[in-house]
Amino acid sequence: MSEFQDRWGCPVTAGSQDAVIAYEETILSYLAMQTDIADRLDSLFALDPSMPMAMILKASLVKMLATAEMQETAVSLALQAHECVAKIPVTDRESAHLSALNAWLEGEMETACMRWEAILIDHPRDVLAIKLSQLNRFYLGDAGQMRDALARVWYAWDNSVPAYGFIAGSYAFALEESGAYERAERLGRDAVALEPADIWSAHAVAHVLEMQGRAAEGLEWLNNLRKHWGAVHNFVHHAHWHRALFALGLGDTANALAIFDGDVWTDKVADYLDLSNGASLLWRIQEAGIDTQDRESSVAKLAKALSRDHGLVFADCHIALSLAQAGCMEDVSDFLDELDRFSGKPGTQSRVMADIGRMLCMASVADAAGDAQGVVDLMLPCRHDIRRIGGSHAQRDLFYRMLVRNILQLQQVPLARALLSERLEVQAGDYWAQEKQAALSSEFC
Ligand SMILES: [Fe+2]
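Just so it is clear, the model here is predicted, and its values are computed rather than measured.

Reading the values: the criteria
Residues numbered from 1 in each chain as written. Predicted model: local features only at pLDDT ≥ 70, side-chain atom pairs only at ≥ 80, totals over all residues. Heavy atoms only, no water. Helix = DSSP H or I, 4+ residues; strand = E, 2+ residues; numbered from the N terminus. Rg over C-alpha atoms; globule rule 2.2 N^0.38 Å. Buried < 20%, exposed > 50% of the residue type's maximum accessible area, 1.4 Å probe, protein only. Contact = heavy atoms within 4.5 Å. Areas by Shrake-Rupley, 256 points an atom, 1.4 Å probe, with all protein chains shown as cover. Lys, Arg positive; Asp, Glu negative; His and termini not counted. Charge placed at Lys NZ, Arg CZ, Asp CG, Glu CD. Donors = N, O, S within 2.8 Å, 3.2 Å for Na, K, Ca; no water. Tetrahedral: all angles 85-135°; square planar, octahedral: opposite > 155°, others 65-115°. Domains from an automatic or database assignment. Buried area = accessible area lost by both parts, 1.4 Å probe. Phe/Tyr/Trp six-rings, centres within 6.5 Å; stacked < 30°, edge-to-face > 60°. Lys NZ or Arg CZ within 6 Å of the ring centre and 35° of its normal. Axes fitted to C-alpha atoms, helices over the stretch in contact; angles between N-to-C directions. Parallel < 35°, antiparallel > 145°, perpendicular 65-115°, else oblique. Left-handed = near helix turned anticlockwise from the far one by under 90°. Nonpolar A, V, L, I, M, F, W, Y, C, P; charged D, E, K, R; others polar. Pairing = 2+ DSSP bridges. Expected span 1.5 Å × (residues − 1). Bend = angle between axes of the 7 residues up to and from the residue. Salt bridge = Lys/Arg side-chain N within 4 Å of Asp/Glu carboxyl O.

Caption draft 1: Here's a closer look at the overall build of the protein chain. Helix and strand counts for the protein chain stand at 23 helices and two strands. Relative to the globule expectation of 22 Å for 445 residues, the C-alpha radius of gyration of the protein chain, 22 Å, shows essentially globular dimensions. When the backbone C-alpha atoms are referred to their principal axes, the protein chain occupies close to 75 × 45 × 35 Å. Relative to its full complement of 445 residues, the protein chain shows a buried share of 59%. In the protein chain, once contacts between residues fewer than 6 apart in sequence are set aside, the share between residues at least 24 apart is 64%. Summed over its atoms, the accessible surface of the protein chain is roughly 17300 Å², and 51% of this surface lies on carbon and sulfur atoms. Distance from the positive charge centre (38 side chains) to the negative charge centre (62 side chains) of the protein chain: 2 Å.

Caption draft 2: Quick peek at the coordination of the iron ion. Within the protein, the atoms that donate to the iron ion are H203 (NE2), H207 (NE2), H238 (NE2) and H242 (NE2), at distances of 2.1 to 2.2 Å. Coordination geometry of the iron ion: the four donor atoms subtend angles of 88 to 175° at the metal centre, consistent with an arrangement described as irregular. Expressed as a motif, the donor residue spacing for the iron ion is H-x3-H-x30-H-x3-H. With H207 in helix α11 (residues 199-211) and H242 in helix α13 (residues 235-249), this pair connects stretches of sequence that are 35 residues apart. Across the pair, exposure class does not vary: H207 and H242 are buried alike.

Caption draft 3: Just the domain arrangement of the protein chain, in detail. For the protein chain, the assigned domains are domain 1 (1-145), domain 2 (157-250), domain 3 (269-396) and domain 4 (411-445). Of note, the centres of domain 1 and domain 2, computed from C-alpha atoms alone, are 25 Å apart. Tallying the contact residues gives 17 residues for domain 1 and 17 residues for domain 2. Summed over both sides, the interface between domain 1 and domain 2 buries roughly 1600 Å², with carbon and sulfur atoms accounting for 68% of that surface.

Caption draft 4: Main features of the packing of aromatic side chains. Counted according to the given criterion, the structure contains eleven aromatic pairs. Arranged with centres 5.9 Å apart and planes meeting at 75°, the rings of Y400 and W432 form a pair that is edge-to-face. Here W432 lies in helix α23 (residues 431-444) and Y400 lies in helix α21 (residues 393-409), a separation of 32 residues in the sequence. Taking relative accessible area as the criterion, Y400 reaches 13% and is therefore assigned buried. Since its relative accessible area comes to 5%, W432 is described here as buried. Aromatic ring contacts, followed pair by pair, group F138, Y139, F173, W200, F235, Y272 and F314 into a single cluster. In this structure, K58 packs its charged tip against the face of F45, placed 5.1 Å from the ring centre. Positioned above the aromatic ring of W221, the side-chain terminus of R189 is 4.6 Å from the ring centre.

Caption draft 5: Looking closely at the packing of helix α15 (residues 272-287) against helix α17 (residues 313-325). One can describe the packing of α15 onto α17 by two numbers: an axis separation of 9 Å at closest approach and a directional angle of 45°. Taken together, α15 and α17 sit at an angle that is classed as oblique. For α15 against α17, the interelement crossing comes out left-handed. Seen from α15, the contacting residues are Y272, L275, S276, A279, S280, W283 and Q286; seen from α17, they are F314, A315, H318, I319, L321, S322 and Q325. Looking at the contact of α15 with α17 residue by residue, the classes come out as eight nonpolar, six polar and no charged.

Caption draft 6: Looking closely at the pairing of strand β1 (residues 2-5). In terms of strand pairing, β1 meets strand β2 (residues 11-14) through four bridges, oriented antiparallel. Each bridged residue has a counterpart across the sheet, and for Q5 the counterpart in β2 is P11. If you look at the hairpin formed by β1 and β2, you'll find five residues sitting between the two strands, and G9 has a positive phi there, around 85°.

Caption draft 7: Inspection of helix α19 (residues 348-368) at higher detail. Under the 1.5 Å per step criterion, the end-to-end length of α19 is 28 Å for 21 residues, consistent within 8% with the ideal 30 Å. Remark: the principal bend of α19, roughly 60°, maps to A354. Of all 21 residues making up α19, 16 are buried, and the element is well covered by its neighbours. Backbone geometry just after α19 places G370 at a positive phi near 80°.

Caption draft 8: Focus on the pattern of salt bridges. Taken as a whole, this structure holds 27 salt bridges when the rule is applied. The salt bridge partner of R358 is D340, with a shortest N-O separation of 2.7 Å. Here R358 is found in helix α19, whereas its partner D340 is found in helix α18 (residues 329-343), with 18 residues between them in sequence. According to the relative accessible area criterion, R358 is buried, its value standing at 18%. Across the salt bridge formed by D430 and R401, the nearest N and O atoms sit 3.3 Å from each other. With D430 in the loop between α22 (413-426) and α23 and R401 in helix α21, the pair connects residues that are 29 residues apart, well separated along the chain. The exposure classification of D430 matches that of R401, with both residues buried. Where salt bridges share partners, they join E185, R189, R214 and E217 into one cluster.

Right, dumping it as structure tokens:
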């Protein structure tokens, strides 16, 4: 084993330069969200089965899938990395990565983020530390920290650095979630111009257009880029989810349903993001007045398959939503009991579940049961804490709409008007809130 430098100038311990190149190519596949990532990992391990950063990368990639099975695999890989590091000298950066991975695997996401972000002070081009910090800050609902973590390294990035566009796209998304729409859109569009297949950067721009209510532009933007996404893994379903949101923004429910059937809910759906896309899109479509009952059971089937994982509260909230929407009341009741047990365990996600997640799950059940007062009683006092389940503003919109819809069902017009007004201050382009507010204003006048 020797010390090399990767193409971003970070020190890395490996058996050969070829192994370092295979590691870099795996990182590039991860950034581009490509289907070949498993093959890349296999090639990397075939070249060097003892490379610490390879083990850390693989453990991180499987941990991201947020299933109980993959958690076990990630823990096993981390143990192998520990054994390896005990036998050979490694760099401080690699030790710090292992320490951050440990915190993540123990469920302490804030600690893990602080450790990745500490690495970035000395190694601002450490792509893995950047992406893992961004991912976990995202699922902590902490947009400001996402932005700040990238702002701190941005001085070290320009177009001459390999994979610059992918990191620019990450920064664009962090800026969008922080409300800096103009700069986010510019960075995201520049990144896509560099690499049209960069779906994360395209997606960052889509978020800007969604938040600004530019639905026609958004649909055109994604429709024009979709021809480049042939090698993208399941994240492509989420990009199509955004197309469906734009279709709903244009009032075109038939197109939204067609996108659900053809591009969002394909025969390849498998993970929690697929589940959240499917459950939330069906909720939005039925809220627009379309019967979605014949599609609910297919989504609920995946929800049941993922219901014992508890990798992310964000996922669990969509599992409860799906089960309730499909009328699986016995399953959702068992699921809520399980969430009670999960809430008592250590770790960031258990704490978020106890503080806010279980309440949101119960609100989804009340919503499906037509218990409007139940939804309002559960959600109104803590609506400002919903961001803690993580996900994007666009994804969490669902819960805000659920609350307002039920307030309207109770005919509490002043409260609905106040919350819509509050909402439009944050997201002026929210077509749904605009329509509801306009209807209430005409009544008011
Ligand atoms: Fe998104």
